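Residues per chain are reported as follows:
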Amino acid sequence: CTSADFNDKVRKTINFTIPVIDVEELKDVSREVHIFDTREKEEYEVSHIKGAKYLGYNDFDITKLGNIRKDDKIVLYCSIGYRSEKIGEKLQGKGYSNVHNLYGSIFEWVNRGNEVIDSNGRVTKK
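These numbers come from a predicted model, not from an experiment.

### Describing the environment of D59
Mapped onto the secondary structure, D59 falls in the loop between β3 (53-54) and β4 (74-77). In sequence terms D59 and F16 are 43 residues apart; their C-alpha atoms lie 23 Å from each other. Apart from the residues within four sequence positions on either side, D59 is in contact with E40, Y54 and K64. A distance of 2.6 Å separates a polar atom in the side chain of D59 from a polar atom in the side chain of Y54.

### Examining the pairing of strand β5 (residues 99-102)
Here β5 shows two buried faces, one formed by V99 and N101 and the other by H100 and L102. Here strand β1 (residues 20-21) runs beside β5; their pairing, made up of two bridges, is parallel. Within β5, the residue paired with V20 across the bridge is N101. As defined by bridge partners, β4 adjoins β5 across three bridges and the pair is classed as parallel. By the bridge assignment for β5, L76 is matched with N101. You can see the chain leave β4, run along helix α4 (residues 82-93) and come back into β5, and the turn it takes is right-handed.

### Some thoughts on unusual backbone geometry
The backbone of F16 sits at a positive phi, close to 60°, despite the residue not being glycine. The residue F16 is located in the loop between α1 (4-13) and β1 in this model. Positive phi, close to 50°, is recorded for S105, a residue that is not glycine. When you line up the elements, S105 lands in helix α5 (residues 105-111). Classification of S105 as buried rests on a relative accessible area of 0%.

### Thoughts on the pattern of salt bridges
Within the structure shown, the criterion is met by twelve salt bridges. Among the ionic pairs, R39 bridges to D37, the shortest N-O distance being 2.7 Å. For the pair R39 and D37, one class covers both residues: buried. We note a salt bridge from E89 to K86, for which the minimum N-O separation is 3.6 Å. Residue E89 and its partner K86 are located together in helix α4, separated by three residues, close to a single helical turn. E89 sits in the partly exposed class, given a relative accessible area of 27%. One network of salt bridges, with partners in common, ties together D22, E24, K27, E108 and R112.

About the criteria used
Residues numbered from 1 in each chain as written. Predicted model: local features only at pLDDT ≥ 70, side-chain atom pairs only at ≥ 80, totals over all residues. Heavy atoms only, no water. Helix = DSSP H or I, 4+ residues; strand = E, 2+ residues; numbered from the N terminus. Contact = heavy atoms within 4.5 Å. Polar contact = N/O pair within 3.5 Å; in protein donor to acceptor, adjacent residues only side chain to side chain. Buried < 20%, exposed > 50% of the residue type's maximum accessible area, 1.4 Å probe, protein only. Pairing = 2+ DSSP bridges. Right-handed = clockwise from strand over helix to strand, strands pointing away. Salt bridge = Lys/Arg side-chain N within 4 Å of Asp/Glu carboxyl O.

Put into structure tokens, the structure is as follows:
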């Protein structure tokens, strides 16, 4: 993480029940993975990682995964990592074996200088 305080907050928020993936590692493999946003629809529409699909948290529905194989690499994120970890646990419980939680989630993605886009595909700072 970019700051010790933020790193401490992440470590206190998640339980590491799902393997984590670093922002830089995700950038290296982004074309080889399925990226899902586990925040609420309104949050996703304001800003999300380019290429990420909406999966949700309160309205999570496993059918939104479509035809993704259970061994495909899936990366989940939310704001800091809690919600994505919980959804990852649900996916693992359904037999998905290659699920990862983006460490620090979208906050860390932005903190590292990466762009996010809005629901119209435009780069945003929100």
